[in-house]
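The residues making up each chain are set out below.
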Amino acid sequence: MLRRQGRWEEAADQLLKWLEIDPRNPLALYQYGVTCQFLRRYPEAVRALGLSTSLNPQFGTPWAVRGLLYARWRGDVEKAYSVLSEAREVAGLQDGTGEVGIASFQIGLMRKDFRAALRQLDGEKREAFSNQNSFFPIDLLRGQAHALLGEHDLARRSFEAARRRLEELVAKDPEDSRYQSSLGIACAALGLR
């Protein structure tokens, strides 16, 4: 609750109290790592997220956050790639919202390995990477990778498929900003207002 109120330091203090009581709790370590990331305490964030994954390797979200953190903090895309590759090798990895999947796709784009990014999407069985903050249809992401490869016809088809689906979702739930945001990206890619 403190984080949502923008009271980051207080949130970190409370999470440290939780960790004093339960120092081997992967969820507490993950939450502390996320908070440290927002406070720009990057070494602390990496440490907490690493401990979280070592205590519960199947918990996918800390892997994704730690991988992206290396890219955002140090611009170390190869370290990010290494962390996410290690995560994808974990037997029984729990990635229900697709955090490892979307992070792997994003790192593929950052590495300019657009074919690998597409392969990442080809292995997905879900329609979209979706969590409380975002909704990224696989077609939308596929369109981005095709566009970066210069495959404009394939990109257009993917963006068009994403646009149609997102318009359906917006019609059902016009207040969901996640759908609106992704629809805006699809329309922009298609040159639509």
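Not measured: the values here are computed from a predicted model.

## Some remarks on the packing of aromatic side chains
Counted under the stated rule, the structure contains four aromatic pairs. Where Y30 meets F59, the ring centres are 5.5 Å apart and the plane angle is 65 degrees; that geometry is what we call edge-to-face. One end of the pair, Y30, is in helix α2 (residues 26–38); the other, F59, is in the loop between α3 (42–55) and α4 (60–74), with 29 residues separating them in the sequence. The residues Y30 and F59 share a single accessibility class, namely buried. When the ring of F135 is compared with that of Y179, the centres are 4.9 Å apart and the planes differ by 85 degrees; the resulting orientation is edge-to-face.

## Brief notes about the layout of surface pockets
There is about 970 Å³ of room inside the largest pocket. Y30, V34, F38, Q132 and N133 are the residues nearest the centre of the largest pocket, which is lined by 32 residues in total. Secondary structure elements with two or more residues in the lining of the largest pocket: α1 (8–21), α2, α4, α6 (99–110) and β1 (128–130). At six residues, α2 tops the list of elements feeding residues into the lining of the largest pocket. Across the lining of the largest pocket, the residue classes tally to 15 nonpolar, 13 polar and four charged.

## Observations concerning the side chain of R66
With respect to the element layout, R66 can be found in helix α4. Buried charge without a salt bridge: R66, with E86 as the nearest opposite-charge side chain at an N-O distance of 5.0 Å.

## Digging into unusual backbone geometry
Most peptide bonds take the trans form, and the phi angle of most residues other than glycine is negative. Residue R40 is not a glycine yet carries a positive backbone phi of 65 degrees. Turning to its location among the elements, R40 is positioned in the loop between α2 and α3. Judged by its relative accessible area of 67%, R40 falls in the exposed class. The backbone of K112 sits at a positive phi, close to 60 degrees, despite the residue not being glycine. Its place among the elements puts K112 in the loop between α6 and α7 (114–122).

## Concerning the pattern of salt bridges
Pairing between side chains becomes possible if they bear opposite charge and their charged atoms approach one another. Enumeration according to the criterion identifies 14 salt bridges in this entry. For E168, the salt bridge goes to R165, with nearest N and O atoms at 3.0 Å. Of this pair, E168 and R165 both sit in helix α9 (residues 152–172), three residues apart, which is roughly one turn of that helix. Overall, R165 belongs to the partly exposed group, its relative accessible area being 26%. Members of the salt-bridge network, linked through shared partners, are E160, R163, R164 and E167.

## What about the nonpolar core?
The biggest cluster of nonpolar side chains holds 30 residues, and the ones touching the most others in it are Y30, Y32, W63, V100 and I107. Looking at this core, the elements with two or more residues in it are α1, α2, α3, α4, α5 (77–88) and α6. Among the elements that line this core, the one with the most residues is α4, at seven residues. In contact with W63, other than residues within four places in its own chain, are T53, P57, V83, L84, E86, A87, V90, L93 and V100. Grouped together as the second largest cluster of nonpolar side chains are 14 residues, L140, A155, A162 and V170 included.

Conventions adopted
- Residues numbered from 1 in each chain as written.
- Predicted model: local features only at pLDDT ≥ 70, side-chain atom pairs only at ≥ 80, totals over all residues.
- Heavy atoms only, no water.
- Phe/Tyr/Trp six-rings, centres within 6.5 Å; stacked < 30°, edge-to-face > 60°.
- Helix = DSSP H or I, 4+ residues; strand = E, 2+ residues; numbered from the N terminus.
- Buried < 20%, exposed > 50% of the residue type's maximum accessible area, 1.4 Å probe, protein only.
- 1 Å grid on protein atoms, 1.4 Å probe; cavity = no way out; pocket = protein on both sides within 12 Å on 5 of 7 lines; lining within 4 Å.
- Points joined across faces, edges and corners; volume = space filled by probe spheres on them.
- Nonpolar A, V, L, I, M, F, W, Y, C, P; charged D, E, K, R; others polar.
- Lys, Arg positive; Asp, Glu negative; His and termini not counted.
- Salt bridge = Lys/Arg side-chain N within 4 Å of Asp/Glu carboxyl O.
- Core = buried A, V, L, I, M, F, W, Y, C linked by side-chain atoms within 4.5 Å.
- Contact = heavy atoms within 4.5 Å.

Shape is all these values report; function is a separate question.
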